[in-house]
Every structure is written in C-alpha cells, then in structure tokens.
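Architecture and fold: a report
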There are 2 protein chains.
Amino acid sequence: MASRTIENYLKQIYLSRPADETQWLTMGKLSAAVGVTPGTATSMVRAISDAHLVEYEPRAGVRLTPAGEQLALHVLRRHRLIELLLVQVLGLDWSEVHEEAEELEHVVSDRLLARIDEILQHPAFDPHGDPIPTAGGVVRSQDCCTLLDCPLGSPTNIARILDQSADFLQYVNQCGLLPGADIRVASRNHQAQTVELLVIKRGENHVVAISFAVAEKFLVQMYDRKK
Amino acid sequence: MASRTIENYLKQIYLSRPADETQWLTMGKLSAAVGVTPGTATSMVRAISDAHLVEYEPRAGVRLTPAGEQLALHVLRRHRLIELLLVQVLGLDWSEVHEEAEELEHVVSDRLLARIDEILQHPAFDPHGDPIPTAGGVVRSQDCCTLLDCPLGSPTNIARILDQSADFLQYVNQCGLLPGADIRVASRNHQAQTVELLVIKRGENHVVAISFAVAEKFLVQMYDRKK
DNA sequence: TAATTAACTTTGCTTGCTCAAAATCAATTG
DNA sequence: CAATTGATTTTGAGCAAGCAAAGTTAATTA
C-alpha cells in the first residue's frame, strides 16, 4: 500500500501535469506543489519510480504510469466525494472543506467511500465543480472555457472554480459566482486587464468586475449543465 | 501538537489504566495494547513523559498527567462521535465502525467535530454504549454492572458492550443483545461457567446462553436508561 | 541464600521522510 | 567560446518511530 506521502505526491503530479501530454512535470513545479524542497522531491520521485507508479527522467521531470494515474484518481475521488459529503450532509461551508478533505482523503476505507457515494447518489461533481472520477478511475470531462476566452454576451453558467483557498471561495460566495450561477460576460478591457460580468442572482442583475488573473480561475460551460 | 502516534499511546494508556487509581499501567500491558514491542513502548513513553503528558517511573509503569488525560479524552470523544456518525448518518454497520474510527479520530478538525456533535444532537453514548466525553473533557459515568454480577431475575437492559471486534459484534447483533435491549438473567451455572439470559425481542422471549468470559463483556444498568 | 524466571530497559540498527548546502548540468548571454 | 545563471541532483545529516536482541532488575522458587 502506498503511504499517505506517496498518495500526495501522485495526486500533485496528476493535478500539476502539463496540458501537453507528451511533456514532463518538472521537479521545481512538483516540489512547490507538494511543499517540499526540490531535493526532497527528487529523491521521493526516485523511490516512487522504483515502485513503477511514475516514470522519471533526470533533468526532464516526472510523469505518471497508468498504475500511478489510477492511484492518483482514486485519491482524487476520495477527496472530492468527501468535500461534497461535508457540504451536503454535514453542512460545512464550502470554503472550509478543501483543507478538511486533504486529511480525510488518506484514511477513508473503500467501504465507507462506497456508502458516501451512495448517499450522495453517485455525484459527478464536487462543490467546486471539479469532476469526481468514477470508482473505475474514469474522469467525465466537461466542455468548458475560462471567463477569459468564452464568448462575450451569451448567457452561460459557472461550471468550476479552480482556486480553492478559503479566502477566495468566501469572496466567490459573496458575489454569487458559485458553480451553477447564471452569468454573462459583459465586456473585457485589455488595457485595465479586467472582465465585467453580469451575475443573475435572485432574479436581479448584478455587475461584478474581476481581473484577467481571477477570470482564469472560473470555468464556464457552453451549454447549460442543468439539463 | 501531539502526533497521531502519541495520541494513540495516550488513548491506550487511558483505556488500559488499572481500576485502582493509585496503580501504574505496566509497559507490558501498554505495549500489547498499542501493538508494539515492549522496548518501543518504553522509549515512546519516555518521550511523552518529557512533554509532561504522562508520569513515568522505570520498572513501575506509566500514568496520565491531567494534561495527558484531557488529550486522551479528546481523542476518545472524536472516536466515539465518529462511530455514532458512521452508524446513524452514513448507515454503516456498527460492527465496522470501530476500525474506521480508529483512523478518522486523528484527522477530524475541531470544527468538523463540532458539526458532527450538533447533527447528532450532543449524544451521550456511542453505538456500543461507551460514554462520549464532553468537549470540556468530562466523562458522564453510568451506574453499571456486568452480566456476571448483576442480580438474577430482575429486568434490566444492556448499557454497554466492551468487546468491539467486528466478529463479536455481529454475533451480538444476531442474538439481539444490543445496547438498550431488554433482558433478564435467568440463571448462572458455576460448574458449566455459563449464564442463561432471557432476551425480549419483538415481544417474544428468547433464551441465550453465554460463558462467564463473554458475560463480562456486557454491562447492564440497574435502572432503565430510556427514562 | 542462590538460582531461576519474567518483566522491563538499553543498545544498535532500519525505514521513511525531510532539509541545507554543495555539486552538477544545460541553456543562455556576452 | 567562455562565463554566468537557474534549475536540478547529490550528499550528509536529522528526526520520529519501529524491531531484535542483549542486558538489568526484581520477584519467586528451591
């Protein structure tokens, strides 16, 4: 069995993997994601590679093997199901659950996880809109784009929020930009680097302005995901 | 913060402490309870004693300080609230929850614990009838005796089950000896070392025979705890 | 009292994970 | 092409926790 340290490395390797599948994840990025010094990451990755969960190429980086990816997805499944349970059943605030799940994901048994999945009726997304991998390790991907490159004017709704720090999520909550919220991108100002949004909240229209950097943290869907 | 190893040692020291408060818990018993070799227990206890959570007297044994006891009770509170949550809210079988809680008890935050306590409406007992210490570290003790020394014939009900291994609890479940069950001790046979019980289950009387050793694993109350 | 025994402690070693600092490599820049 | 820079790897060390086996101590038996 993989230690909780190894589970964490695998999860981070998965989450930080470069968009281009042929690319390797560098040790610098991995060590930052895991929160250890680069040297530590190198030696841990060497060890994990001995267990055939990753491929490691010195000075190039690291990449998950199919076995490693399955394990990473399993951890991610636990994490996301737990988050949803904490929000929907235990009534925690969604800004708190990420931290909590970070610990719990390493100790819930398969049996308990199956019960959670059942109680939540086999959900496909966690409270932040992240897809929950199936028990078989399949990720049902959404067809999304960020608030930076989605079409202007057309109505859409928020699918996913990529920054899960408590502070940020509290702000998100406050201006009604939760997953599922109906919005429209009113305008983009490339000089000011801002995006203006129309948020439909309790029938009323609100205007919210965010920077390009923040706009990239929101994914929206082309077609309404509720149907 | 105390590591999960230290939390475990403190919990076991509390649970295995001798009935007589002036006595020390020996290293032999502790090492067996924690599941390590005696030498390991000795050196861990030395370390925990440096943190002033226990008193340690070489060749005599170990005993919790007030600070250590508070921490032990806190761990126990987490353990027992989690067990109850798993049974009542998540619908796990009560024979499974001990193992599960053994892991979870070290990772649930105070905030989550408070929510669990609220959802369960500040319960006083876990599914096995063990008392749940308050957030302030107070144990509300019950007035109990075992099926070995309770009076013959008089109606009573099961308050607590001391053996929490899955196999045993499945048997307990099967013959209806759950906490709260209405029973009477019909007879004791000192030659055969057995106790005969009358179990009132769905209006009907059932006869169950158990050995003295098993009888000691059940605590019953003098007065009906339901009122 | 001396010998035996059981419980406990000490010692030395291992594993897993980490860091700091030194060494190395690769990719620019001058 | 040499020098500098930035990223990466190696080295040496430390800490927490564990085991096995050798050494002590105290209590019991003879």
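None of the values given here were measured: they were computed from a predicted structure. (Residues numbered from 1 in each chain as written. Chains lettered and ligands numbered in written order. Predicted model: local features only at pLDDT ≥ 70, side-chain atom pairs only at ≥ 80, totals over all residues. Heavy atoms only, no water.)

Examining the packing of helix H1 (residues 4-16) of chain A against helix H2 (residues 27-34) of chain A
All names here are of chain A. Relative orientation of the contacting elements H1 and H2 amounts to 120°, with a least axis distance of 10 Å. Here H1 is positioned oblique relative to H2, judged by the angle of their axes. For H1 against H2, the interelement crossing comes out right-handed. Across from Tyr 9, Gln 12, Ile 13 and Ser 16 in H1, the residues of H2 making contact are Leu 30, Ala 33 and Val 34. Of the residues assigned to the contact of H1 with H2, the class counts are five nonpolar, two polar and no charged. (Axes fitted to C-alpha atoms, helices over the stretch in contact; angles between N-to-C directions. Helix = DSSP H or I, 4+ residues; strand = E, 2+ residues; numbered from the N terminus. Parallel < 35°, antiparallel > 145°, perpendicular 65-115°, else oblique. Left-handed = near helix turned anticlockwise from the far one by under 90°. Contact = heavy atoms within 4.5 Å. Nonpolar A, V, L, I, M, F, W, Y, C, P; charged D, E, K, R; others polar.)

Details of H2 of chain A
Residue and element names in this part refer to chain A. Inspection of H2 places Met 27, Leu 30 and Ser 31 among the buried residues, and these make up the whole buried set. Taken down its axis, H2 places every buried residue within 95° of arc, on the same side. H2 presents Lys 29 and Ala 32 as exposed residues on the side facing more than 90 degrees away from its buried surface. Contacts from the buried residues of H2 go to H1, helix H3 (38-50), strand S1 (54-57) and strand S2 (61-64). Among the residues trailing H2, Gly 35 stands out with phi positive, at a value near 85°. (Buried < 20%, exposed > 50% of the residue type's maximum accessible area, 1.4 Å probe, protein only. Arc of directions from axis to C-beta.)

Topic: the domain arrangement of chain A
Annotation of chain A at the domain level lists domain 1 (4-64) and domain 2 (145-222). Between the C-alpha centres of domain 1 of chain A and domain 2 of chain A there is a distance of 32 Å. (Domains from an automatic or database assignment.)

Focus: unusual backbone geometry
Despite not being glycine, Gln 193 of chain A shows a phi value in the positive range, around 60°. Following the sequence through the fold, Gln 193 of chain A ends up in the loop between strand S5 (182-189) and strand S6 (194-201). Residue classification places Gln 193 of chain A among the partly exposed positions, given a relative accessible area of 44%. Despite not being glycine, His 52 of chain B shows a phi value in the positive range, around 60°. Examined against the element boundaries, His 52 of chain B turns out to sit in the loop between helix H3 (38-50) and strand S1 (54-57). Its relative accessible area of 60% is what places His 52 of chain B among the exposed residues.

Comments concerning the sheet that holds strand S4 (residues 156-161) of chain A
Residue and element names in this part refer to chain A. The sheet built from six strands is open, its strands ordered S3-S8-S4-S5-S6-S7 with antiparallel pairing. Each having just a single partner strand, strand S3 (144-146) and strand S7 (204-211) make up the two edges of the open sheet. Pairwise comparison of adjacent strand axes, ignoring direction, gives a mean angle of 45° for this sheet. (Pairing = 2+ DSSP bridges.)

Some details on the relation of the copies chain B and chain A
Rotating chain B by 180° and moving it 0.0 Å along the rotation axis overlays it on chain A with an RMSD of 0.0 Å. Classification of the inter-copy transformation places it as that of a two-fold axis. Residues of chain B ranked by C-alpha distance from the rotation axis are headed by Leu 104 of chain B, positioned 3.6 Å from it. Of the residues that chain B buries at the interface, 100% are likewise interface residues in chain A, meaning the two copies contact each other through the same surface. (Least-squares fit on C-alpha atoms with pLDDT ≥ 70 in both.)

Observations regarding the packing of aromatic side chains
What the rule picks out here adds up to four aromatic pairs over all chains. Centroid distance Phe 168 of chain B to Phe 218 of chain B: 6.0 Å. Interplanar angle 55°. Geometry classified as tilted. With Phe 168 of chain B in helix H7 (residues 166-174) and Phe 218 of chain B in strand S8 (residues 218-221), this pair connects stretches of sequence that are 50 residues apart. Judged by its relative accessible area of 0%, Phe 218 of chain B is buried. Here a set of aromatic residues connected by ring pairs shows up, and it is made of Phe 168, Tyr 171 and Phe 218 of chain A. Taking the ring centre of Trp 24 of chain B as reference, the NZ or CZ of Arg 63 of chain B above it sits at 3.9 Å. (Phe/Tyr/Trp six-rings, centres within 6.5 Å; stacked < 30°, edge-to-face > 60°. Lys NZ or Arg CZ within 6 Å of the ring centre and 35° of its normal.)

Concerning the protein's contact with DNA strand D
Near DNA strand D, the surroundings consist of 18 residues, among which Met 27, Arg 46, Tyr 56 and Arg 59 of chain A together with Ser 3 of chain B are the closest. Expressed as a percentage, the sugar and phosphate content of the atoms of DNA strand D within 4 Å of the protein is 79%. Within the side chain of Arg 46 of chain A, an N or O atom sits 2.2 Å from a phosphate oxygen of DNA strand D. Residue assignment for the surface near DNA strand D shows that the elements contributing at least two residues are H2 and H3 of chain A together with helix H1 (4-16) and H3 of chain B. Top element by residues in the surface near DNA strand D is H3 of chain A. It accounts for four residues. (Near = heavy atom within 4 Å. Polar contact = N/O pair within 3.5 Å; in protein donor to acceptor, adjacent residues only side chain to side chain.)

Some words on the environment of Asp 143 of chain A
All names here are of chain A. Within the secondary structure, Asp 143 is located in the loop between helix H6 (110-119) and S3. Residues Asp 143 and Met 222, 79 residues apart in the sequence, show an inter-C-alpha distance of 7.1 Å. Those residues in contact with Asp 143, other than ones at most four positions away along the chain, are Val 220, Gln 221 and Met 222.

Looking at the environment of Val 89 of chain B
Looking at where Val 89 of chain B falls in the secondary structure, it is placed in the loop between helix H4 (66-88) and helix H5 (97-104). Using a relative accessible area of 27% as the deciding quantity, one classes Val 89 of chain B as partly exposed. Considering only alpha carbons, one finds Val 89 of chain B and Gly 61 of chain B, 28 residues apart in sequence, at a separation of 41 Å. For Val 89 of chain B, the contacting residues outside a window of four places in its chain are Val 89 and Ile 119 of chain A together with Leu 84, Ile 119 and Leu 120 of chain B.

Comments concerning the protein's contact with DNA strand C
Residues in contact with DNA strand C amount to 19 residues; listed here are only the nearest, Ser 3 of chain A together with Met 27, Thr 42, Arg 46 and Tyr 56 of chain B. When the atoms of DNA strand C within 4 Å of the protein are grouped by moiety, sugar and phosphate amount to 77% of the total. A distance of 2.9 Å separates a phosphate oxygen of DNA strand C from a polar backbone atom of Gly 28 of chain B. Take Arg 46 of chain B: an N or O atom from its side chain is 2.2 Å from a phosphate oxygen of DNA strand C. Listing elements by their share of the surface near DNA strand C, those giving two or more residues are H1 and H3 of chain A together with helix H2 (27-34) and H3 of chain B. In terms of residue count, the dominant contributor to the surface near DNA strand C is H3 of chain B (four residues). For the surface near DNA strand C, the per-class residue count stands at seven nonpolar, nine polar and three charged.

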